Amino acid sequence: MAAATSERPFRLGLTGGIGSGKSTVGMRLAQCGAVLIDADAISRSLTAAGGAALPAIARVFGNDLIDENGALNRSRMRELVFANAQTRQQLEGILHPLIAAQTQQQYAAAVAANCKLVVHDIPLLVESVRWRQELDGVLVVDCRESTQVDRVMARNGLSADTVQSIMTAQASRAQRLAAADWVLYNDEGVTIEALDAFTDQIAAWFGL
């Protein structure tokens, strides 16, 4: 774990498996005064109607991957990505450079604003080769895999098999924990109030 210098904010990587509560923790840290750079939010903007990634996606995968509103057909793309590793690599090849460019712009703005803490919300942080080298520390939001399945089924209406396939495509729980500098446990029985309180303690540790 590296230390931030006085010239720049601490760069905290935030990750966790689907259904872990990672996004909730990220939003709470932002409420406490951190700058949140959300890779998923950037990706969604790139693939929304008029998004910068859509021309390349249509060129590589065909216009049937663009829905009637002019945005990425997420359910169709999800099926292709989880069925074929090469398709996932092709999609990442389109999105990752664009996400990296927007991330750098947002980080530069945080530096200019003298922010103390920049939180990089990165679902696939552990799977990435480059990200770990650019961060000062990693916070993992953790829960049991059975809890992940239950939460995502309830939240998204997906089948257990579909949720399990998404989890299989991500790093394992053990891999995430091995990459962590800090772990925030958010399993069944942890209320949103308790999760907020734990997150506030982390924010206070960073001087927020």
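Above this note sits the structure.
This one's a predicted model, so the numbers in the text were calculated from it and none came from an experiment.

Undergrad: Help me out: how do you make sense of the environment of V140 in this one?
TA: Tracing the sequence through the fold places V140 in strand β4 (residues 137-142). What makes V140 buried here is its relative accessible area of 1%. Distance in space between the C-alpha atoms of V140 and G70 is 35 Å, their sequence separation being 70 residues. The contacts of V140, once residues within four sequence positions are left out, are T15, R176, L177, A180, W182, V183 and L184.

Undergrad: Would you mind showing me how to read the sheet that holds strand β1 (residues 10-15) here?
TA: Sheet strands pair by backbone hydrogen bonding; their relative direction is either parallel or antiparallel. Taken in spatial order, the five strands of this open sheet run β2-β3-β1-β4-β5, and their pairing is parallel. Both outer strands of the open sheet, β2 (35-38) and β5 (182-185), are each paired with one neighbouring strand and no more. Taking each pair of neighbouring strands and ignoring which way they run, the sheet shows an average axis angle of 25 degrees. One ladder, built from five bridges, connects β1 with strand β3 (residues 117-121); its direction is parallel. Residue pairing across strands places F10 opposite L117, the latter belonging to β3.

Undergrad: What should I look at first to understand the packing of helix α3 (residues 54-61) against helix α5 (residues 85-112) in this one?
TA: Two packed helices can be described by the angle between their axes and the distance between those axes. Put simply, α3 and α5 touch, their axes get as near as 10 Å, and they point 150 degrees apart. On the basis of the axis angle, α3 is roughly antiparallel to α5. Crossing handedness for the pair α3 and α5: right-handed. Contact with α3, carried on its side by A56, I57, V60 and F61, involves T87, Q90, L91 and I94 of α5 and no other residues of that element. Taken together, the residues of the contact of α3 with α5 break down into six nonpolar, two polar and no charged.

Undergrad: Quick question: what am I supposed to make of the side chain of D142 here?
TA: Here D142 lies in strand β4. Overall, the relative accessible area of 5% leaves D142 in the buried class. Only 2.8 Å separates the side chain of D142 from the side chain of R173, close enough to count as a polar contact. With sequence-adjacent residues up to four places away left out, D142 is seen in contact with R173, L177, V183, L184, Y185, N186 and D187.

Undergrad: Would you take a moment to explain unusual backbone geometry for this structure?
TA: Both trends apply: most residues other than glycine have a negative phi, and most peptide bonds are in trans. We note that N114 has phi near 60 degrees; this positive angle belongs to a residue other than glycine. One can find N114 in the loop between α5 and β3.

Undergrad: Help me out: how do you make sense of the packing of helix α2 (residues 39-47) against α5 in this one?
TA: Close contact between α2 and α5 brings their axes to 10 Å; oriented N to C, the two are set at 120 degrees. The pairing of α2 with α5 is recorded here as oblique in orientation. The hand of the α2/α5 crossing is right-handed. Where α2 approaches α5, its residues A39, I42, S43, S45, L46 and T47 are matched on the opposing element by L95, L98, I99, Q102, T103 and Q106.

Undergrad: Got a minute to help me understand the state of the cysteines in this structure?
TA: Any covalent bond linking the sulfur atoms of two cysteines counts as a disulfide. Counted under the stated rule, the structure contains zero disulfides. Considering cysteine sulfurs only, C32 is the nearest to C115, which forms no disulfide, with 12 Å between them.

Definitions and cut-offs
- Residues numbered from 1 in each chain as written.
- Predicted model: local features only at pLDDT ≥ 70, side-chain atom pairs only at ≥ 80, totals over all residues.
- Heavy atoms only, no water.
- Helix = DSSP H or I, 4+ residues; strand = E, 2+ residues; numbered from the N terminus.
- Buried < 20%, exposed > 50% of the residue type's maximum accessible area, 1.4 Å probe, protein only.
- Contact = heavy atoms within 4.5 Å.
- Pairing = 2+ DSSP bridges.
- Axes fitted to C-alpha atoms, helices over the stretch in contact; angles between N-to-C directions.
- Parallel < 35°, antiparallel > 145°, perpendicular 65-115°, else oblique.
- Left-handed = near helix turned anticlockwise from the far one by under 90°.
- Nonpolar A, V, L, I, M, F, W, Y, C, P; charged D, E, K, R; others polar.
- Polar contact = N/O pair within 3.5 Å; in protein donor to acceptor, adjacent residues only side chain to side chain.
- Disulfide = S-S within 2.5 Å.

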